[in-house]
Amino acid sequence: MQDQVLISVVTVSYNAVSTIEQTILSVINQTYPHIEYIIIDGGNTDGTVDVIKKYADKIAYWVSEPDKGIYDAMNKGIKIATGEWTLMMNSGDYFAGNDVLQKVFLNNIPQDKTFLYGDIYVFQPNGKQILLSLSWEKGVLIHQAVIYRRSLHHEYGYKSILYTNK
């Protein structure tokens, strides 16, 4: 089991007081013990920082300052991340269970793998839950369902990863 591998989870937010706590709890309640949690907030004005401060002892790094948009915020988080793997979670996103990262890193992952991905649940406005199957081959991936090796991020940054075939 790869229980010594550090996973950096980066949450980006802006005026997310109604959704940030759900995301924070989803990350800090993971059973996998080696998580570096980073929150990059875009200088909110709605009380999001008060919620972040409530969990500050469980967050490795957080900042609330203006940025140039979501990719700028993601790249700020990537620069701070020290884990071997990086996962982006927007405010409002959450894991399907408390053992998701434990299950992912239960076995050794070959060194030549630069990213891992899985399916996601999407909730429609009527409350209906839909399982969305993602596919690298079909070009259907979203960042919340992809865990990247940090080296890939450091080589390309976040936005440009979307356009590479590595």
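Being a predicted model, the structure only gives us computed values, none of them experimental. (Residues numbered from 1 in each chain as written. Predicted model: local features only at pLDDT ≥ 70, side-chain atom pairs only at ≥ 80, totals over all residues. Heavy atoms only, no water.)

Colleague: Summarise the pattern of salt bridges; cite the residues concerned and give the values.
Modeller: Enumeration over the complete set of coordinates arrives at five salt bridges. A salt bridge links K76 to E65; the shortest N-O distance between them is 2.9 Å. Of this pair, K76 sits in helix α3 (residues 70-80) while E65 sits in the loop between β3 (61-64) and α3; the two residues are 11 residues apart in sequence, bridging distant segments of the chain. Overall, the relative accessible area of 32% leaves E65 in the partly exposed class. (Salt bridge = Lys/Arg side-chain N within 4 Å of Asp/Glu carboxyl O. Helix = DSSP H or I, 4+ residues; strand = E, 2+ residues; numbered from the N terminus. Buried < 20%, exposed > 50% of the residue type's maximum accessible area, 1.4 Å probe, protein only.)

Colleague: So what about the pairing of strand β2 (residues 35-41)? Which residues, and what values?
Modeller: Here β2 lies mainly inside the structure; six of its seven residues are buried. For strand β1 (residues 7-13) and β2, the ladder comprises seven bridges, and the chain directions are parallel. Its bridge partner lying in β2, I7 is registered against I35. A crossover links β1 with its parallel partner β2, the connecting element being helix α1 (residues 20-28), and its sense is right-handed. Taken together, β2, helix α2 (residues 48-54) and β3 constitute a β-α-β crossover, and its handedness is right-handed. (Pairing = 2+ DSSP bridges. Right-handed = clockwise from strand over helix to strand, strands pointing away.)

Colleague: Give a detailed account of α1, specifying residues and quantitative values.
Modeller: Regarding α1, the residues found buried are I20, T23, I24, S26 and V27. Projection of α1 onto a plane perpendicular to its axis shows the buried side chains occupying an angular sector of 160 degrees, all on one side. (Arc of directions from axis to C-beta.)

Colleague: Describe unusual backbone geometry, with residues and values.
Modeller: Among all residues save glycine, negative phi is the norm, and among peptide bonds the norm is trans. Backbone geometry places N15, a non-glycine residue, at a positive phi of 45 degrees. Counting through the fold element by element, N15 comes out in the loop between β1 and α1.

Colleague: Lay out the confidence of the model for the protein with the relevant residues and their values.
Modeller: With 75% of its residues at a pLDDT of at least 70, the protein reaches an overall mean of 82. With pLDDT under 50 throughout, residues 160-166 is counted as low confidence; its partners more than four residues away or in other chains account for 12 contacts. (pLDDT = per-residue confidence, 0-100. Contact = heavy atoms within 4.5 Å.)

Colleague: Account for the nonpolar core, with residues named and values stated.
Modeller: If you look at soluble globular proteins, the nonpolar side chains tend to sit buried side by side. I7, V9, I24, Y37, W85, L101 and F105 are the most contacted members of the largest nonpolar core, which has 22 residues in total. Elements with a contribution of two residues or more to this core: β1, α1, β2, α2 and β4 (85-90). With near-sequence residues (within four places) excluded, L101 lies in contact with I7, V9, Q30, Y32, I35, F95 and I147. (Core = buried A, V, L, I, M, F, W, Y, C linked by side-chain atoms within 4.5 Å.)

Colleague: Describe the packing of aromatic side chains, listing the residues and the values that go with them.
Modeller: Summed over all chains, the structure comprises two aromatic pairs. Ring geometry for Y32 versus F105: centroids 5.8 Å apart, planes at 45 degrees, classification tilted. Of this pair, Y32 sits in the loop between α1 and β2 while F105 sits in the loop between α4 (100-104) and β5 (115-117); the two residues are 73 residues apart in sequence, bridging distant segments of the chain. Accessibility assignment for this pair places Y32 and F105 in one class, buried. Feature note: the residues Y32, W85 and F105 constitute an aromatic cluster, connected by ring pairs. (Phe/Tyr/Trp six-rings, centres within 6.5 Å; stacked < 30°, edge-to-face > 60°.)

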